[in-house]
Amino acid sequence: MAFSDLKLTTVLERFDLTLAEEVGTFGKAEPVVPGALLRQLLDEQVSLAVALNTEKARSELIITNILMEVRRHFERRVSIFSGVELSVDPEQDLSGYCDFLVSLAPEQLLVRAPIIMLVEAKRGNLTEALGQCFAEMVAAQRFNENRGKPLKKIYGVVTSGTDWMFAALKEKTVVSDLTEYNIEEVERLLGILYAMVEQRI
């Protein structure tokens, strides 16, 4: 089995996690105005991604552009990976491919600790992907600890490109914000993502 095979109940039980459901928690982050390049790309590409309506199109035309804005904001001090394998403990099904992964290390040739954020791209129901996302967060937590670079929190994102849900793993507790944030609020999305990188939320 891999990340994608794990259901929410399985992840919570196997890794002894406590789930805290909240509403609007991540929305408290201070909004950030997007740069001109991101604004132009979104104006041109969001409608195309919606029309094509595949995970690949939404990933390439929306999600990648949002994450690249994060990389620009932090002046390439963070690294962004797409479609990379993260294998931490295959016996516990903590292995598989991540749609997107964000590390606080600047290197781009290989994934280095500390991993701070996992992003899962889904075309359909976002909540159905939470189990997979939470499992990836646990794997990232262990990846960092095994390399002597633990973080206070690991963040998870499930998104269709147009709608976004956020979660945070601290020790054995996962806080899941049940609010879906929309790409029309790109200032709010960027504020949340920047706060995640800086561990302010």
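Quick note: structure is the one above.
A brief structural summary. These numbers were taken from a predicted model, which means no experiment stands behind them.

### Quick notes on the pattern of salt bridges
One side chain can pair with another of opposite charge once the charged atoms of both are near each other.
Okay, step 1: Throughout the structure, instances matching the rule amount to 10 salt bridges.
Okay, step 2: Note that Arg 142 and Asp 89 form a salt bridge whose closest N and O atoms lie 3.8 Å from each other. Taken together, the positions of Arg 142 in helix α4 (residues 130–146) and Asp 89 in strand β2 (residues 79–89) put the pair 53 residues apart, joining distant regions of the chain.
Okay, step 3: Its relative accessible area of 24% is what places Arg 142 among the partly exposed residues.
Okay, step 4: Take Asp 89: its relative accessible area is 23%, and that puts it in the partly exposed class.

### Considerations on the side chain of Ser 176
Okay, step 1: Turning to its location among the elements, Ser 176 is positioned in strand β7 (residues 173–177).
Okay, step 2: Overall, Ser 176 belongs to the buried group, its relative accessible area being 2%.
Okay, step 3: In contact with Ser 176, other than residues within four places in its own chain, are Leu 19, Ala 20, Glu 21, Glu 22, Leu 130, Phe 134, Phe 166 and Ala 167.

Quick notes on the rules
- Residues numbered from 1 in each chain as written.
- Predicted model: local features only at pLDDT ≥ 70, side-chain atom pairs only at ≥ 80, totals over all residues.
- Heavy atoms only, no water.
- Salt bridge = Lys/Arg side-chain N within 4 Å of Asp/Glu carboxyl O.
- Helix = DSSP H or I, 4+ residues; strand = E, 2+ residues; numbered from the N terminus.
- Buried < 20%, exposed > 50% of the residue type's maximum accessible area, 1.4 Å probe, protein only.
- Contact = heavy atoms within 4.5 Å.

That's the geometry; what it means functionally is another story.
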